[in-house]
Amino acid sequence: MSPTLLTAWKSAQARLKDGRIDSPSIDARLLLEAATGATRTDILTDPYRAVTPDQETALDGFVERRLKREPVSRILGKKGFWKIHLNVTPDVLSPRPDTEALLDVILLAFPPHRAFEMIDLGTGSGAILLATLAERIGARGLGTDISSEALAVARENAANLDLDNRATFLRTEWAAGIADHSFDLVASNPPYIPSDDIDGLDPEVRDHDPRLALDGGPDGLQAYRDLAPEVKRILRPGGVFAVEIGWDQGAAVKALFEAEGFEDVKVVKDLADRDRVVTNGPD
């Protein structure tokens, strides 16, 4: 008897659970949707729809890849972030829910319909920039990255989201070549993993995210030393900056920005109650 959407989902879920994969139910559903073309609603409302042999083969292949610790985002080539969907490739960091803490800070600082200009330093897939522009119709932004391959992904994502009329991209190192006092908002999710810690990361990260987007130098703080004076230089008076940090880096990164003359610098926690953002934005 041919499998159905429901039985295929349950079977994939069991295999992933046996393989000690985190979130086996969610991962199995996403892989099933991709293999069959079904939506989440289809699985819930038409659970006994037959799965064809070709679809079953595709699902089996996806599950085998996931069992080898390849992230779902890499298998499917896309990832949801905030309220948008992004294409991702091996050239960009796969966006994570942790980074959405930046959006909480940004959207509090810049209310709807306010016009402002932002820059996303080390934009990667364009996640932070594009999620912000999607929420704030009066905003325009620039994403910079040293990787031309990453910028190609970001440009494609901007076009797919119909945001390419408000988003531009530039290949440069952080803010090199950017004029002083150019932006109302400076955001960044820089590399912050200490170099010696990378080999101990989960395989999904260690083996599939670009090392350039992970390696923060010997103590994980090198990017912030480079960024703090540049952020001070390119931010307009009264502007807001927000940078993602590792859970144990709050005090150190806060001190680096204070040393550049920023006032009211604070550390903001993520939904897991871990330090995640350093900013001079509102509480």
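Up top you'll find the structure we're talking about.
A quick note: this is a predicted structure, and the numbers were derived from the prediction, not measured. (Residues numbered from 1 in each chain as written. Predicted model: local features only at pLDDT ≥ 70, side-chain atom pairs only at ≥ 80, totals over all residues. Heavy atoms only, no water.)

S.K.: Sorry if this is basic, but what is going on with the environment of Asp-199 here?
M.R.: Following the sequence through the fold, Asp-199 ends up in the loop between strand E6 (183–188) and helix H9 (203–206). Overall, the relative accessible area of 57% leaves Asp-199 in the exposed class. Discounting residues that sit within four places of it in the chain, Asp-199 has contacts with Arg-206 and Arg-211. (Helix = DSSP H or I, 4+ residues; strand = E, 2+ residues; numbered from the N terminus. Buried < 20%, exposed > 50% of the residue type's maximum accessible area, 1.4 Å probe, protein only. Contact = heavy atoms within 4.5 Å.)

S.K.: Explain the pattern of salt bridges to me, please; I cannot follow it from the model alone.
M.R.: Close approach of charged atoms allows side chains of opposite charge to pair. Taken as a whole, this structure holds 23 salt bridges when the rule is applied. One salt bridge in this structure joins Arg-225 and Asp-219, with 2.4 Å as the shortest N-O distance. Asp-219 gets classed as partly exposed once you look at its relative accessible area, which sits at 34%. Each of Asp-27, Arg-66, Arg-69 and Glu-204 takes part in salt bridges that share partners, so that together they form one network. (Salt bridge = Lys/Arg side-chain N within 4 Å of Asp/Glu carboxyl O.)

S.K.: Even after reading the chapter, I still don't get the sheet that holds E6, so can you show me in this structure?
M.R.: Within a sheet, neighbouring strands are paired by backbone hydrogen bonds and run either parallel or antiparallel to one another. Taken together, the seven strands give an open sheet; going across it, the order is E5-E4-E3-E6-E7-E9-E8, and neighbouring strands pair in mixed fashion. With one partner strand each, in any of the chains shown, strand E5 (167–171) and strand E8 (266–269) form the two edges of the open sheet. Taking each pair of neighbouring strands and ignoring which way they run, the sheet shows an average axis angle of 20°. Two strands pair when backbone bridges link them, and strand E4 (residues 139–145) and E5 are joined in this way by five bridges, in the parallel orientation. If you follow Thr-144 over to E5, its bridge partner there is Leu-170. (Pairing = 2+ DSSP bridges. Axes fitted to C-alpha atoms, helices over the stretch in contact; angles between N-to-C directions.)

S.K.: Just to check I follow, could you spell out helix H6 (residues 100–109) for this structure?
M.R.: Note on helix geometry: an α-helix contains 3.6 residues per turn, so any two residues three or four positions apart are oriented the same way. Here H6 lies mainly inside the structure; seven of its ten residues are buried. Of all the positions in H6, only Ala-101, Leu-102, Leu-103, Val-105, Ile-106, Leu-107 and Ala-109 are classed as buried. Looking at the buried side of H6, the elements it contacts are strand E1 (78–81), helix H7 (127–135), E6, strand E7 (235–244), E8 and strand E9 (275–279).

S.K.: What's the story with the packing of aromatic side chains in this structure? I'm lost.
M.R.: The description of an aromatic ring pair uses the distance of the two centres, along with the angle that the planes make with each other. The tally for this structure, following the rule as stated, stands at four aromatic pairs. Seen in terms of ring centroids, Phe-241 and Phe-262 are 4.8 Å apart; in terms of plane orientation they differ by 55°. Their pairing is tilted. Of this pair, Phe-241 sits in strand E7 while Phe-262 sits in the loop between helix H11 (250–259) and E8, and the two are 21 residues apart along the sequence. Ring pairing ties together the aromatic residues Phe-241, Phe-257 and Phe-262, which thus form one cluster. For Lys-232, the ring lying beneath its charged end belongs to Phe-262, and the centroid distance is 4.7 Å. (Phe/Tyr/Trp six-rings, centres within 6.5 Å; stacked < 30°, edge-to-face > 60°. Lys NZ or Arg CZ within 6 Å of the ring centre and 35° of its normal.)

S.K.: Looking at this structure, I do not really get the nonpolar core. What am I missing?
M.R.: As a rule of thumb, nonpolar side chains are buried together in soluble globular proteins. Phe-110, Met-118, Leu-130, Leu-133, Ala-167, Phe-169 and Leu-185 are the most contacted members of the largest nonpolar core, which has 31 residues in total. Among the elements of the structure, strand E2 (84–87), H6, strand E3 (116–121), H7, helix H8 (148–160), E5, E6 and E7 are those that each provide at least two residues to this core. With seven residues, the top contributor of residues to this core is H6. With sequence-adjacent residues up to four places away left out, Leu-133 is seen in contact with Met-118, Ala-139, Arg-140, Gly-141, Leu-163, Arg-166 and Ala-167. The next biggest cluster of nonpolar side chains, apart from the first, holds 29 residues, and it includes Ile-119, Val-186, Ile-234 and Phe-241. (Core = buried A, V, L, I, M, F, W, Y, C linked by side-chain atoms within 4.5 Å.)

S.K.: What exactly am I supposed to notice about the packing of helix H10 (residues 222–234) against H11 here?
M.R.: Two quantities define a packed helix pair, namely the angle between the helix axes and the distance between the axes. H11 packs onto H10 with a crossing angle of 35° between their chain directions and a minimal axis gap of 9 Å. When you trace H10 past H11, the crossing you get is right-handed. In this structure, H10 uses Tyr-224, Arg-225, Ala-228 and Val-231 to contact H11, whose residues at the interface are Val-253, Leu-256 and Phe-257. (Left-handed = near helix turned anticlockwise from the far one by under 90°.)

S.K.: What should I look at first to understand the packing of helix H1 (residues 5–18) against helix H2 (residues 24–36) in this one?
M.R.: Where H1 meets H2, the closest approach of the two axes is 8 Å, and the angle between their N-to-C directions is 130°. Classified by the angle their axes make, H1 and H2 are oblique. Crossing of H1 against H2: the hand is right-handed. Contacts from Leu-5, Ala-8, Trp-9, Ala-12, Gln-13, Leu-16 and Lys-17 in H1 reach Pro-24, Ser-25, Asp-27, Ala-28, Arg-29, Leu-32 and Thr-36 in H2. Across the contact of H1 with H2, the residue classes break down as eight nonpolar, three polar and three charged. (Parallel < 35°, antiparallel > 145°, perpendicular 65-115°, else oblique. Nonpolar A, V, L, I, M, F, W, Y, C, P; charged D, E, K, R; others polar.)

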